[in-house]
Amino acid sequence: SHAAENQTISGVFILLGFTYLNKLQILLFLVLLVAYLLTLMGNLIIILLIKLNPSLHTPMYFFLVNLSVSEICVTTSVTPQLLVHLLVEEKTISLAGCAAQLNVFNITGLAACCLLAAMAYDRYVAICHPLHYTTIMSGQVCALLACISWLIGISVAIVQTTWLFSLPLCGSNRIPHYFCYIQPLQKMLCIDPWKNVIFGLAVMVLFVMSPFLLIVLSYVRIISTVLKLPSAEGRRKAFSTCSSHLTVVTLLYGTGLLSYLKPTSSSTPESDLLIFLMHTAVTPMMNPIIYTLRNKEVKVAFRNTVGGRRKRSKTN
């Protein structure tokens, strides 16, 4: 019916998501529930460890706390809703819920990109200007970099979401995705979305690719400095402080860019959803694992915290 196609959407959206899995949705529910609980636990443990151990009160771990907060937010904005939808027939979300979800997803994504750039800068200063490290990376500078990261995320995302939802949406209220994502919503606009798309691309270049460029530049400088170090042990030590950060950058940017820049020709809706699942469910879970597996400092802090608690309870 042509009349129905032209009517504006009000009230609710239907998230089609993983409907095509039919009975297998229960299995996905169980897997995602475990992943979600592990993500919350892992990131909360990292935050607590860093807060409780003065040895971890360094710029790198300060940024890591911020990154863990962003991972908790991104997965919480999407996963609980998805878990409910995997169990019920009616996979609806209100317009306000949809806007909120898109907002939190974009805020945390943009903040994470900026935080990863701040972490790369921290590694650059530590390795290329070790004598001035404490003066350059002061507590105020770190707080400022973290604040700027969150402010960019919040202001850009709110402008983008508010603008998108102020425009009239037409046609079917079905979204072929498991959460409110910007691209399917842009396709629903009654007007030509080119201004909105251009704005999205500008955001991508300024706040996603620019931080990435800064990370690459930092590592070019880091690698050239490390290669000049006289001892193999010195080189290994310098690189080992970067390995966790590099792994997280690869993971976050890898899954993020994969879901955003996927080739339209080769992609199916199903494969797209799985790439996004990596981004919203798997990556946030990996962050704490990477930082605990690769870092002696974190392992030692963990042992001290757990061991220290035990000793104290014995003496009491």
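Counting restarts for each chain, with residues numbered from 1 along the sequence as it is written. Per-residue local features of the predicted model are confined to residues with pLDDT of at least 70, and side-chain atom pairs are confined, for both listing and counting, to 80 or more; whole-chain, interface and lining totals are unaffected and use all residues. Computation of side-chain values covers all heavy atoms of the structure but excludes hydrogens and water.

Draft legend 1. Examining the sheet that holds strand β3 (residues 174-175) more closely. In short, DSSP must find at least two bridges between two strands for them to pair. Runs of H or I in DSSP of at least four residues are treated as helices and runs of E of at least two as strands, each being numbered from the N terminus. Across the sheet, 3 strands lie side by side as β2-β1-β3; this open sheet has mixed pairing. Unpaired on one side and paired on the other, β2 (92-94) and β3 mark the two borders of the sheet. Should any heavy atoms of two residues lie within 4.5 Å, those residues are considered in contact. Fitting a line to C-alpha atoms yields each axis, with helices limited to the stretch in contact; the angle taken between N-to-C directions then spans 0 to 180 degrees. In this fold helix α4 (residues 95-128) packs onto β1 (12-15), β2 and β3, with an angle of close to 85° to the strand it touches most, β2.

Draft legend 2. Structural view of the packing of aromatic side chains. Aromatic pairing here means that ring centres of Phe, Tyr or Trp (its six-membered ring) are within 6.5 Å. Orientation follows from the plane angle: under 30 degrees is stacked, over 60 is edge-to-face, and everything else is tilted. This model, assessed by the stated rule, comprises 12 aromatic pairs. Summarising the aromatic geometry, the rings of Phe-105 and Tyr-181 are spaced 6.0 Å apart at their centres and angled 85° between planes, so their arrangement reads as edge-to-face. Separated by 76 residues along the polypeptide, Phe-105 in helix α4 and Tyr-181 in the loop between β3 and α7 (182-187) bring together distant segments of the chain. Per-residue accessibility, obtained with a 1.4 Å probe over protein chains only, is compared with the maximum for each type, and a residue is labelled buried under 20%, exposed over 50%, and partly exposed between these values. By relative accessible area, Phe-105 is classed as buried at 7%. What links up through ring pairs into an aromatic cluster is the set Phe-18, Tyr-20, Phe-105, Tyr-178, Phe-179, Tyr-181 and Phe-276.

Draft legend 3. Layout of unusual backbone geometry. A positive phi is found at Asn-22, a non-glycine position, where the angle reads about 50°. As for its placement among the helices and strands, Asn-22 is situated in the loop between β1 and α2 (25-52). We classify Asn-22 as exposed; its relative accessible area is 55%.

Any link to function would need more than the numbers given here.
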